[in-house]
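# Observations on chain architecture
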Amino acid sequence: MSSPKWLQNIESRAGKKPVLLVEGNTDIRVLSYFLDQISPRWSTNVVLLPAQRKSQVIKAVSTYHSEWVGIVDRDEWSPQQIDQEITHPRVKVLPRFCLENFFCAPHELRDAIPNTLKNSQPDVWQDVEKKILDVLPNWVAHGAMWRVLRNRRTELLYNSDFPSKLDRSPVTDIQEIKTILNEWYLQLEPNQIITEYQHELAQINLNLEPDAQLKQYVHGKKFYRQVVVTALNKSFKPTNADRWLERFTDDVSGIVIPSDLHDFLTETLKLLDL
């Protein structure tokens, strides 16, 4: 089977080495840092490359290279959706919402802040932690709405063929057009969406403690930049999100790999015979 152009570029860069495929370039830096803590010589035997999209990671491993291993974000997927979407055993789903969620929990970040910064004023870290955790309920609510809307979008695109049902070929019968539009309209009915959102939010507050909510349910990419970095910048010398990430992944003083990611990456390396 001939490879698509995006995959040919990955194949060319990989050469003959086993491939660990991830979604984006930020994933390369972060996972390289954590992999070094598990197996310092991993990069001599494996090449870590980005496919740029979750769907392309899945397709590359499932369709073209079953000898590779892929890592994708959990995002809005429930355990049931993961079982439906991930059918290949060498495609692994992160234990948290996305990689940025490993930089959102205050107790995991604390030791990566240099003492010279933490000791610059009394109780500075307690203030950072409070700023982060005080807004957690709002971001859990955001996660609930985001999940409901993303799942609704999937239903529209794949189950209702939106918008291609009216795009790929002429539909000129007015009644047929009305039927199609009404089908889409019903899936966007506000009261139904609000009901699903309230149910989703109630379930997450009932079943997950705040720490688990922060790791598994909060949209880490947004939360890290909008909340964590803002809280840090109010207590320490302001800098941008990427610079803070560099500090947290510094080989000398960065954060220690969390236990859930340690176990996950250990299993991943075993698939690559490392």
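A quick note: this is a predicted structure, and the numbers were derived from the prediction, not measured. (Residues numbered from 1 in each chain as written. Predicted model: local features only at pLDDT ≥ 70, side-chain atom pairs only at ≥ 80, totals over all residues. Heavy atoms only, no water.)

Looking only at helices and strands, the protein chain features 14 helices and four strands. Across its three principal axes, the protein chain shows a C-alpha extent of roughly 70 × 50 × 30 Å. Buried positions account for 46% of the 274 residues belonging to the protein chain. Of all intrachain contacts in the protein chain linking residues separated by at least 6 positions in sequence, the fraction that spans at least 24 positions is 70%. Roughly 14900 Å² of accessible area belongs to the protein chain as shown, and the carbon and sulfur atoms make up 50% of that amount. Across the protein chain, the centroid of the 33 positively charged side chains sits 5 Å from that of the 36 negatively charged ones. (Helix = DSSP H or I, 4+ residues; strand = E, 2+ residues; numbered from the N terminus. Buried < 20%, exposed > 50% of the residue type's maximum accessible area, 1.4 Å probe, protein only. Contact = heavy atoms within 4.5 Å. Areas by Shrake-Rupley, 256 points an atom, 1.4 Å probe, with all protein chains shown as cover. Lys, Arg positive; Asp, Glu negative; His and termini not counted. Charge placed at Lys NZ, Arg CZ, Asp CG, Glu CD.)

Attention now moves to helix α3 (residues 54-64). Buried residues of α3: K54, Q56, V57, I58, A60 and V61, and no others. On its buried side, α3 packs onto α1 (5-14), β1 (19-22), β3 (69-72) and β4 (91-93).

Attention now moves to the pattern of salt bridges. Enumeration over the complete set of coordinates arrives at 18 salt bridges. In this structure, E200 engages R147 in a salt bridge whose closest nitrogen and oxygen atoms are separated by 3.5 Å. Within this pair, whereas E200 is found in helix α10 (residues 190-207), its partner R147 is found in helix α8 (residues 136-159), the two being separated by 53 residues in sequence. Each member of the pair, E200 as well as R147, carries the same accessibility label: buried. (Salt bridge = Lys/Arg side-chain N within 4 Å of Asp/Glu carboxyl O.)

Going through the model one piece at a time under the given rule, you end up with ten aromatic pairs. Relative to F223, the ring of W139 lies with its centre 5.5 Å away and its plane at 85 degrees, an arrangement referred to as edge-to-face. Of this pair, W139 sits in helix α8 while F223 sits in helix α12 (residues 220-235), placing them 84 residues apart in sequence. A residue is classified by how much of its surface remains accessible, and W139, at 13% relative accessible area, is buried. Pairing F162 with W184 gives two aromatic rings, centres 4.7 Å apart and planes at 85 degrees, and the pair type is edge-to-face. Of this pair, F162 sits in the loop between α8 and α9 (174-187) while W184 sits in helix α9, and the two are 22 residues apart along the sequence. Note on W184: relative accessible area 8%, which makes it buried. Taken together, Y33, F34, F102, F103, Y224, F236, W244 and F248 form an aromatic cluster joined through their ring pairs. A cation over a ring is seen here: R247 above W244, with NZ or CZ 4.5 Å from the ring centre. (Phe/Tyr/Trp six-rings, centres within 6.5 Å; stacked < 30°, edge-to-face > 60°. Lys NZ or Arg CZ within 6 Å of the ring centre and 35° of its normal.)

Note on strand geometry: in a regular strand, side chains alternate between the two faces of the sheet. Neither face of β3 is open: one carries V69 and I71, the other G70 and V72, and all of them are buried. Here two bridges tie β1 to β3, and the two strands are oriented parallel to one another. Counterpart to L21 in the pairing with β3 is G70. Where β3 meets β4, three bridges bridge the pair, whose relative direction is parallel. (Pairing = 2+ DSSP bridges.)

Let's shift gears to the nonpolar core. The biggest cluster of nonpolar side chains holds 58 residues, and the ones touching the most others in it are F34, F103, F223, Y224, L232, F248 and L265. Discounting residues that sit within four places of it in the chain, L265 has contacts with L31, F34, L35, I38, I71 and I257. V61, V72, W77 and V91 belong to the second-largest nonpolar core, a separate cluster that totals 19 residues. (Core = buried A, V, L, I, M, F, W, Y, C linked by side-chain atoms within 4.5 Å.)

Turning our eyes to something else, we now look at the pairing of β1. By the alternation rule, side chains of β1 split into V19 and L21 and L20 and V22, which are all buried. Each parallel crossover has a hand, and the one from β1 via helix α2 (residues 25-38) to strand β2 (residues 47-50) is right-handed. (Right-handed = clockwise from strand over helix to strand, strands pointing away.)

Remember, this is a structural readout, not a statement about activity or role.
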